[in-house]
Amino acid sequence: MQDMNPADIPGEYREVLLNLYDGTRRTVLVTDVETPYPEGKLIVSRTDPEGRITHCNRSFVDMSGYDESEIIGQPHALLRHPDMPAAAFQDLWETAREGRKWHGYVKNLRKDGGYYWVYATVIPNVRNGKVVGYTSVRRKPSKKKIAEAISTYAGMS
Ligand SMILES: Cc1cc2nc3c(=O)[nH]c(=O)nc-3n(C[C@H](O)[C@H](O)[C@H](O)COP(=O)(O)O)c2cc1C
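Residues numbered from 1 in each chain as written. Predicted model: local features only at pLDDT ≥ 70, side-chain atom pairs only at ≥ 80, totals over all residues. Heavy atoms only, no water.

Description of helix H4 (residues 143-154)
Move 1: In this model, H4 (twelve residues) spans 17 Å end to end at C-alpha, consistent with the 16 Å of a helix rising 1.5 Å per residue.
Move 2: Within the span of H4, buried status applies to Ile146, Ala149 and Tyr153. For H4, the arc enclosing every buried residue in end-on projection is 60 degrees, short of the 170-degree limit, so these residues lie on one face. Opposite its buried face, H4 presents the exposed residues Lys144, Ser151 and Ala154, each directed more than 90 degrees away.
Move 3: Looking at the buried residues of H4, the elements they touch are helix H3 (86-97), strand E5 (102-109) and strand E6 (115-127). (Helix = DSSP H or I, 4+ residues; strand = E, 2+ residues; numbered from the N terminus. Expected span 1.5 Å × (residues − 1). Buried < 20%, exposed > 50% of the residue type's maximum accessible area, 1.4 Å probe, protein only. Arc of directions from axis to C-beta. Contact = heavy atoms within 4.5 Å.)

Some words on the site of the ligand
Move 1: The ligand sits among 15 residues. The nearest are Tyr21, Ala77, Trp93, Asn108 and Arg138.
Move 2: In the model, an oxygen atom of the ligand is placed 2.9 Å from a nitrogen or oxygen of the Tyr21 main chain.
Move 3: Here a nitrogen atom of the ligand sits 2.6 Å away from a polar atom, N or O, in the side chain of Asn108.
Move 4: The protein chains hide 93% of the 600 Å² of surface that the ligand would expose on its own.
Move 5: Put simply, the ligand lies in the largest pocket.
Move 6: Counting only elements with at least two residues in the shell around the ligand, the list comes to H3, E5 and strand E7 (130-139).
Move 7: Here the residues of the shell around the ligand are counted per class, giving ten nonpolar, three polar and two charged. (Near = heavy atom within 4 Å. Polar contact = N/O pair within 3.5 Å; in protein donor to acceptor, adjacent residues only side chain to side chain. Areas by Shrake-Rupley, 256 points an atom, 1.4 Å probe, with all protein chains shown as cover. 1 Å grid on protein atoms, 1.4 Å probe; cavity = no way out; pocket = protein on both sides within 12 Å on 5 of 7 lines; lining within 4 Å. Sits in = over half its atoms within 2 Å of the grid points. Nonpolar A, V, L, I, M, F, W, Y, C, P; charged D, E, K, R; others polar.)

Observations regarding the sheet that holds E5
The pairing of strands in a sheet happens through backbone hydrogen bonds and is either parallel or antiparallel.
Move 1: Here five strands make up an open sheet; going across it, the order is E4-E3-E7-E6-E5 and the pairing antiparallel. The two strands at the open ends of the sheet, each matched to only one other strand, are strand E4 (53-56) and E5. Averaged over all adjacent pairs, the angle separating strand axes in this sheet is 30 degrees, with direction ignored.
Move 2: Sheet topology places E5 next to E6; eight bridges connect them, and they run antiparallel. Each bridged residue has a counterpart across the sheet, and for Gly104 the counterpart in E6 is Ala120.
Move 3: H4 contacts E5 and E6 of the sheet and is inclined by roughly 85 degrees relative to E6. (Pairing = 2+ DSSP bridges. Axes fitted to C-alpha atoms, helices over the stretch in contact; angles between N-to-C directions.)

Quick look at H3
Move 1: With twelve residues, H3 should reach 16 Å at 1.5 Å per residue; the first-to-last C-alpha distance of 16 Å fits that figure.
Move 2: Along H3, the residues that are buried comprise Ala88, Phe89, Leu92, Thr95 and Ala96. For H3, the buried positions fall inside an angular range of 130 degrees around the axis, keeping them on one side.
Move 3: Contacts from the buried residues of H3 go to E5, E6, E7 and H4.
Move 4: Following H3 by one or two positions, Gly99 adopts a phi angle in the positive range, close to 90 degrees.

Thoughts on the pairing of strand E3 (residues 43-47)
Put simply, side chains in a regular strand alternate between the two faces of the sheet.
Move 1: Most of E3 sits out of view: four of its five residues are buried.
Move 2: The pairing of E3 with E7 spans five bridges and is classified as antiparallel. Counted as the bridge partner of Val44 is Val137 from E7.
Move 3: Bridge count between E3 and E4: three bridges; the pairing is antiparallel. If you follow Ser45 over to E4, its bridge partner there is Cys56.
Move 4: Hairpin connection between E3 and E4: a loop of five residues separates the two successive antiparallel strands, and Gly51 in this loop has a positive phi of roughly 90 degrees.

Right under this line is the structure:
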């Protein structure tokens, strides 16, 4: 995955090196600017069995800040924020690979270095007992749940 581009970040940012699960690394550029989750919208994406994005809706595009052409074919780690503990995603993948639904709160990174919180459901698409892909539907999280997630994740790695 490509490193983030300083030209995409308005104003000051921090540079963080992420170690991704597949052993690759990505330099991300992070600001403290939050984009509030839009009222009444669902952010939806689908992937192949390897987790490469095959489809995303307009709200996914708008909230991520990327063009659709920059999203399709990429893994969701495109949105990986350094404040998210790896253990949360380990739990997501272990659950989904077994064909079970996963729910959780996720802080996502935008192309412009800002962030947005979501309440995510990950649904494995199972056909003939085999996982053929995954769908994720994200909703607006409450302020209270975001605060709880921040403190839970701060104590994890
Ligand atoms: C359907 C689906 C949706 C996902 N959505 C997100 C997401 O919105 N943000 C995110 O950071 N990771 C998401 N993930 C988890 C990523 O695949 C990945 O595990 C995570 O970004 C951490 O990167 P890493 O596993 O490469 O270390 C999703 C996974 C699946 C299967």
